[in-house]
Amino acid sequence: MTLTVVPTGETLGATVKDIDLSAPLAQEDFGEILLALGHFGVLRFPDQNLDARALKQFSERFGGLQVSLSGMYTDPEVREVMILSNIVEDGKPIGLADAGQDWHTDMSYNAVIGFVNVLHGVKVPRRNGEPLGATEFANMRAAYEDLPSDLKERLAGMTVTHDFNKFWENMRSREGSRRPPLTEEQRRRRPPAVHPIFLTHPITGEKVLYANPGYAERINELDEEESRETLAFLFEHQLKPKYRYTHRWTEGDVLVWDHIGTLHNAVADYGPDEHRLMKRCQVYADRIFDPAFVKAALSASAAHP
Ligand code: SIN
């Protein structure tokens with residue numbers, strides 16, 4: 001094992017040093033990364049330089065990759081790599097400008113939920129030398145832990161419906177949005193999905209609150225009003241400052257975060273001439289709930305102390 005994990009000391013986050021993600025990743029290093037991801041939720045790999053193929057290759061270690069619904073703003077050669085950017089070239093946006101600009105959990109709207117996002121910071125906007133366009137996170141293990149025990153008991157076994165269109169319409173309603181409404185065909189390809197309100201994290205075995213304001217529409221076992229009130233309570237609770245961590249970007253950062261145990265929000269505090277460029281892979285949780293996958297990775301890392 002070569003890498004070093006340095007925790008931020010905050011509710012989430014660690015920096016992983018001494019690793020070049022463009023090189024093949026040894027199984028024991030992958031195991032260390034999985035373990036750190038379970039514990040710290042958000043991992044920063046500084047000083048990386050990945051082309052689209054290398055970003056895809058690294059991301060695929062965690063699971064299968066989602067392809068953008070519209071097919072727009074993807075890398076011309078690697079369609080699993082999406083471009084998030086406010087840069088306009090020859091009158092045309094080169095990327096999706098408003099991706100993730102509110103609290104949410106990517107892919108909770110899928111039947112197979114998301115495991116991680118892998119985001120590579122290529123251009124970071126700055127004002128007076130300070131980086132803008134941070135990504136904020138919230139810790140859903142801690143949020144679950146602190147829920148009143150009668151609420152935990154009452155909600156245990158209940159399910160939530162998540163809908164891709166909820167976040168899409170929220171973004172569309174914002175001034176200057178370039179998003180068209182989803183077509184019938186796109187709605188058909190991304191139908192709502194139902195998941196337990198509490199999940200057991202596949203790496204740590206801890207319970208997490210799995211309902212996010214971006215996509216969670218309804219607690220299915222409650223009547224409409226109770227569902228609305230309970231979700232409003234949970235959304236307020238899960239975003240308390242004590243559960244939050246902010247990642248301020250440096251060019252060359254690769255950030256990997258755990259969707260099962262966190263929410264996130266892309267902070268839109270920069271102007272049109274302050275350029276931000278990120279490259280992203282979204283990874284399904286199609287392997288991480290397989291105990292054999294986790295065991296193989298973790299035992300490889302344990303064998304190389
Ligand atoms: C995302 O929500 O996947 C993007 C986050 C960001 O650009 O900071």
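Structural data are supplied above this passage.
Residues numbered from 1 in each chain as written. Predicted model: local features only at pLDDT ≥ 70, side-chain atom pairs only at ≥ 80, totals over all residues. Heavy atoms only, no water.

1. A look at the layout of surface pockets
Roughly 1000 Å³ of volume is contained in the largest pocket. The wall of the largest pocket is formed by 44 residues, among which Leu96, Ala97, Asp98, Ala99 and Arg179 lie closest to the centre. Elements with a minimum of two residues in the lining of the largest pocket: strand 4 (82-85), helix 5 (164-172) and strand 19 (277-284). In terms of residues, the lining of the largest pocket owes the most to one element, helix 5, which gives four residues. Residue classes in the lining of the largest pocket are distributed as 21 nonpolar, 15 polar and eight charged. With four residues, the single largest contributor to the lining of the second largest pocket is helix 1 (residues 27-40). Residues belonging to the lining of the second largest pocket are distributed by class as follows: four nonpolar, 10 polar and four charged. (1 Å grid on protein atoms, 1.4 Å probe; cavity = no way out; pocket = protein on both sides within 12 Å on 5 of 7 lines; lining within 4 Å. Points joined across faces, edges and corners; volume = space filled by probe spheres on them. Helix = DSSP H or I, 4+ residues; strand = E, 2+ residues; numbered from the N terminus. Nonpolar A, V, L, I, M, F, W, Y, C, P; charged D, E, K, R; others polar.)

2. Regarding the sheet that holds strand 16 (residues 244-247)
Reading across from one edge, 16-10-18 is the order of the three strands in this open sheet, with antiparallel pairing throughout. Taken across any chain shown, the strands that pair with only one partner, and hence form the sheet edges, are strand 16 and strand 18 (262-266). Mean inter-strand twist for the sheet, computed between neighbouring axes without regard to direction, equals 20°. (Pairing = 2+ DSSP bridges. Axes fitted to C-alpha atoms, helices over the stretch in contact; angles between N-to-C directions.)

3. Digging into the nonpolar core
In this structure, Phe45, Phe62 and Phe115 are the most contacted members of the largest nonpolar core, which totals 64 residues. Apart from residues no more than four positions distant in its own chain, Phe115 is found in contact with Leu34, Leu37, Phe62, Ile203, Trp257, Asp258, His259, Ile260, Val283, Tyr284, Ala285 and Ile288. Counting 14 residues, the second-largest nonpolar core is a separate cluster that includes Met82, Leu84, Leu96 and Leu255. (Core = buried A, V, L, I, M, F, W, Y, C linked by side-chain atoms within 4.5 Å. Buried < 20%, exposed > 50% of the residue type's maximum accessible area, 1.4 Å probe, protein only. Contact = heavy atoms within 4.5 Å.)

4. Observations regarding helix 7 (residues 224-238)
The terminal C-alpha atoms of helix 7 lie 21 Å apart, and with 15 residues this matches the ideal 21 Å at 1.5 Å per residue to within 8%. Those residues of helix 7 that fall on the buried side of the exposure criterion are Ser227, Thr230, Leu231, Leu234, Phe235, His237 and Gln238. Down the axis, helix 7 shows its buried residues gathered within 160° of arc, on one side only. Exposed residues lying more than 90 degrees from the buried face of helix 7 are Arg228 and Glu236. (Expected span 1.5 Å × (residues − 1). Arc of directions from axis to C-beta.)

5. Description of the packing of aromatic side chains
Taken as a whole and judged by the stated rule, the model has 13 aromatic pairs. A ring pair is formed by Tyr144 and Phe198, whose centres lie 4.9 Å apart and whose planes are at 75°; its orientation type is edge-to-face. Residue Tyr144 is found in helix 3 (residues 140-145), and its partner Phe198 is found in strand 13 (residues 198-200); the two are separated by 54 residues along the sequence. Each member of the pair Tyr144 and Phe198 is classed as buried. What links up through ring pairs into an aromatic cluster is the set Phe30, Phe45, Phe58, Phe62, Phe115 and Phe293. Sitting over the face of the ring of Trp168, Arg179 holds its NZ or CZ atom 4.6 Å from the ring centroid. (Phe/Tyr/Trp six-rings, centres within 6.5 Å; stacked < 30°, edge-to-face > 60°. Lys NZ or Arg CZ within 6 Å of the ring centre and 35° of its normal.)

6. Structural notes on empty space enclosed by the protein
Overall, the coordinates contain three cavities of 30 Å³ or more when judged by the stated rule. Approximately 100 Å³ is the volume found for the largest cavity. In this structure, the largest cavity is lined by 13 residues; those nearest its centre are Leu84, Ala99, Gly100, Leu119 and Ala266. At the level of secondary structure, the elements contributing two or more residues to the lining of the largest cavity comprise strand 7 (114-123) and strand 18. Empty space within the second largest cavity amounts to approximately 60 Å³. Taken together, Leu84, Ser85, Asn86, Leu96, Ala97, Ala99, Gln101, Ala266, Tyr270 and Arg276 make up the lining of the second largest cavity. Classifying every residue of the lining of the second largest cavity by side-chain character gives six nonpolar, three polar and one charged.

7. With respect to the pattern of salt bridges
Summed over all chains, the structure comprises 16 salt bridges. For Arg53, the salt bridge identified is with Glu77, shortest N-O distance 3.5 Å. Taken together, the residues span a long stretch of sequence, with Arg53 in helix 2 (residues 52-59) and Glu77 in the loop between helix 2 and strand 4 at a distance of 24 residues. Two residues, Arg127 and Glu274, come together in a salt bridge whose shortest N-O distance is 2.7 Å. With Arg127 in strand 8 (residues 126-127) and Glu274 in the loop between strand 18 and strand 19, this residue pair connects regions lying 147 residues apart in the sequence. One connected set of salt bridges, linked through shared partners, spans Lys56, Glu60 and Glu80. (Salt bridge = Lys/Arg side-chain N within 4 Å of Asp/Glu carboxyl O.)

8. Topic: the site of the ligand
With respect to spatial proximity, the complete set of residues near the ligand consists of Leu84, Gly100, His104, Asp106, Asn117, Leu119, Thr135, His264, Ala266, Arg276 and Arg280. Here His264 contributes a side-chain N or O atom positioned 2.8 Å from an oxygen atom of the ligand. Between the ligand and the protein, one listed contact pairs an oxygen atom with a side-chain N or O atom of Arg276 at 2.8 Å. If you map the ligand onto the pockets, it falls in the largest cavity. Contributions of two or more residues to the shell around the ligand are made by strand 7 and strand 18. In terms of residue class, the shell around the ligand is made up of three nonpolar, five polar and three charged. (Near = heavy atom within 4 Å. Polar contact = N/O pair within 3.5 Å; in protein donor to acceptor, adjacent residues only side chain to side chain. Sits in = over half its atoms within 2 Å of the grid points.)

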